[in-house]
Amino acid sequence: MSRRQTAPAAVRWTAYIGVAIVFAIACAFLSHWQLSKNIARNEQLSVIADNYDAAPVPLADVLAPERTLPDRSKWRQVTLTGTYLTDQQLLVRNRVHAGTAAYEIIVPMRLTDGRVFLVDRGWEPPGNRQATPDTIPDAPSGTVTAVVRLLPGETLPASGADAPAGQVPSIHLPLVAHKMGADGASLDRGAYGQLVSESPAPAVAPQAFEPPSDDPGPYLSYGIQWIMFAVMGFIFIWYVIRSERRIRREEAEDAAAVATLAQTDPEAAAALRAETSARRVRERREARRDRDARDEDALLDDASR
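Residues numbered from 1 in each chain as written. Predicted model: local features only at pLDDT ≥ 70, side-chain atom pairs only at ≥ 80, totals over all residues. Heavy atoms only, no water.

## Overview of the confidence of the model for the protein chain
Working step 1: Residue-level pLDDT values for the protein chain average 85, and 82% of them are 70 or greater.
Working step 2: For residues 1–5, every residue scores under 50 in pLDDT, and the model assigns this stretch 5 contacts once sequence neighbours within four places are set aside. (pLDDT = per-residue confidence, 0-100. Contact = heavy atoms within 4.5 Å.)

## Side note on the side chain of Glu104
Working step 1: You can see Glu104 is positioned in strand S4 (residues 100–111).
Working step 2: Reaching out from Glu104, the side chain makes a polar contact with the side chain of Arg95 at a distance of 3.3 Å.
Working step 3: Side-chain polar atoms of Glu104 contact the side chain of His97, separated by 2.7 Å.
Working step 4: Leave out the neighbours within four places in its chain, and Glu104 touches Leu90, Leu91, Val92, Arg95, His97, Asp120, Gly122, Trp123, Ile171 and Phe209. (Helix = DSSP H or I, 4+ residues; strand = E, 2+ residues; numbered from the N terminus. Polar contact = N/O pair within 3.5 Å; in protein donor to acceptor, adjacent residues only side chain to side chain.)

## Looking at the layout of surface pockets
Empty pockets left among the atoms are what a rolling probe the size of a water molecule brings to light.
Working step 1: As a volume, the second largest pocket reaches approximately 300 Å³.
Working step 2: Forming the boundary of the second largest pocket are 14 residues, of which Glu43, Gln44, Val47, Lys74 and Trp75 lie nearest the centre.
Working step 3: Among the residues making up the lining of the second largest pocket, the classes are represented as 7 nonpolar, 2 polar and 5 charged. (1 Å grid on protein atoms, 1.4 Å probe; cavity = no way out; pocket = protein on both sides within 12 Å on 5 of 7 lines; lining within 4 Å. Points joined across faces, edges and corners; volume = space filled by probe spheres on them. Nonpolar A, V, L, I, M, F, W, Y, C, P; charged D, E, K, R; others polar.)

## A look at the environment of Phe209
Working step 1: Note that Phe209 resides in the loop between strand S8 (192–199) and helix H5 (219–264).
Working step 2: According to the relative accessible area criterion, Phe209 is buried, its value standing at 14%.
Working step 3: For the pair Phe209 and Gly122, spaced 87 residues apart in sequence, the C-alpha to C-alpha distance is 6.1 Å.
Working step 4: Those residues in contact with Phe209, other than ones at most four positions away along the chain, are His97, Glu104, Asp120, Arg121, Gly122, Trp123, Gln194 and Leu195. (Buried < 20%, exposed > 50% of the residue type's maximum accessible area, 1.4 Å probe, protein only.)

## Side note on the nonpolar core
Working step 1: Judged by nonpolar contacts, the single largest core of 21 residues is most densely connected at Leu59, Leu80, Tyr84, Met109, Phe117 and Val148.
Working step 2: Breaking this core down by element, the ones donating at least two residues are strand S2 (77–84), S4, strand S5 (116–124) and strand S6 (143–151).
Working step 3: If one sorts the elements of this core by residue count, S4 sits on top with 5 residues.
Working step 4: Residues within four places of Val148 in sequence aside, it is in contact with Arg76, Gln77, Val78, Leu80, Val119, Gly193, Gln194, Leu195 and Val196.
Working step 5: Counting residues in each nonpolar core, the second largest holds 19 residues, with Leu85, Ile106, Val168 and Val176 among its members. (Core = buried A, V, L, I, M, F, W, Y, C linked by side-chain atoms within 4.5 Å.)

## Topic: the pattern of salt bridges
Working step 1: Evaluated as defined, the whole model comprises 8 salt bridges.
Working step 2: A salt bridge links Glu104 to Arg95; the shortest N-O distance between them is 3.3 Å.
Working step 3: A residue is classified by how much of its surface remains accessible, and Glu104, at 5% relative accessible area, is buried.
Working step 4: The buried category is assigned to Arg95, whose relative accessible area is 14%.
Working step 5: In this structure, the salt-bridge partner of Asp183 is Arg110, at a minimum N-O distance of 3.6 Å. Here Arg110 lies in strand S4 and Asp183 lies in the loop between helix H4 (173–180) and S8, a separation of 73 residues in the sequence.
Working step 6: Residue class for Asp183 comes out partly exposed when judged on its relative accessible area of 25%.
Working step 7: A single network of salt bridges, built from pairs that share partners, joins Arg95, Glu104 and Glu154. (Salt bridge = Lys/Arg side-chain N within 4 Å of Asp/Glu carboxyl O.)

## Some details on the environment of Leu69
Working step 1: For Leu69, the location among the structural elements is in the loop between helix H3 (59–62) and S2.
Working step 2: Ignoring sequence-local partners within four residues, the contact set of Leu69 consists of Leu63, Lys74, Leu150, Leu151, Pro152, Gly190 and Ala191.

## A short note on the pairing of S8
Working step 1: Two strands pair when backbone bridges link them, and S5 and S8 are joined in this way by 2 bridges, in the parallel orientation. From the neighbouring strand, Val119 faces S8, where its bridge partner is Gly193. (Pairing = 2+ DSSP bridges.)

## Comments concerning H4
Working step 1: Every buried residue of H4 is listed here: Leu173, Leu175, Val176, Ala177 and Met180.
Working step 2: Tucked into the core, H4 has its buried residues touching strand S3 (90–97), S4, S5, strand S7 (167–168) and S8.
Working step 3: Positioned one or two residues after H4, Gly181 has a phi angle of 75°, which is positive.

Okay, structure coming up:
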């Protein structure tokens, strides 16, 4: 006999329940993780809904100089008035737009109050014969009033700050300031603006930005699924213990019948013992086949999703 067969039932069942508890704790952790991501995503969608189409206000009303953009002010529309520093224009590489790795065009603007604020004017696709765009629309000259949506500066990618001349790998405001040289000392590093409109409007403008996604994501359903998995774990353990108790009861009844018959007819008792043993083997094989079929169906269901 195996150790599992000879171990007392109470010991085995305690081990089963312990495994179910550990599995449930793991499921609870994963469910909490997914539900936390769902809460964070809902907060992001709430900010977008509140700010994306709100009427623009002056920049100073939302963001003071050198202040970090609050989370609740992301996507807020503000107005900027000043002059573009066109000689400090940079391209942000590897930005996904229209299904391709496009380039965004960022240009600092010196505002009338002396602040220098970075404006992301839009994007252009790669060129026909080279990676960079065939043409880059010029920013308007002279005094410009722009409406932008505020966004926080980005982090550097894992690959670091390396990029070809005139380009940056992300809108990392300290890196942009470094690229600007002496003018970078005045660059506001609390946020940058994604362009909505310019007045006067240029003859040719970069491609406009797409609105942010309003997809809430799968996090809520994943969180509920992990809770269901934890419950199913306990149901499975209950089923195993119930099945073991039934088998033990039937085996005890069969053993009692064999012992009773052995007192009067030893040969018939031996035949009955062999018959019950063969029946147990068949039942185990059928149970194993049923379990394998269920596992196969589950794998096919997962593959079809």
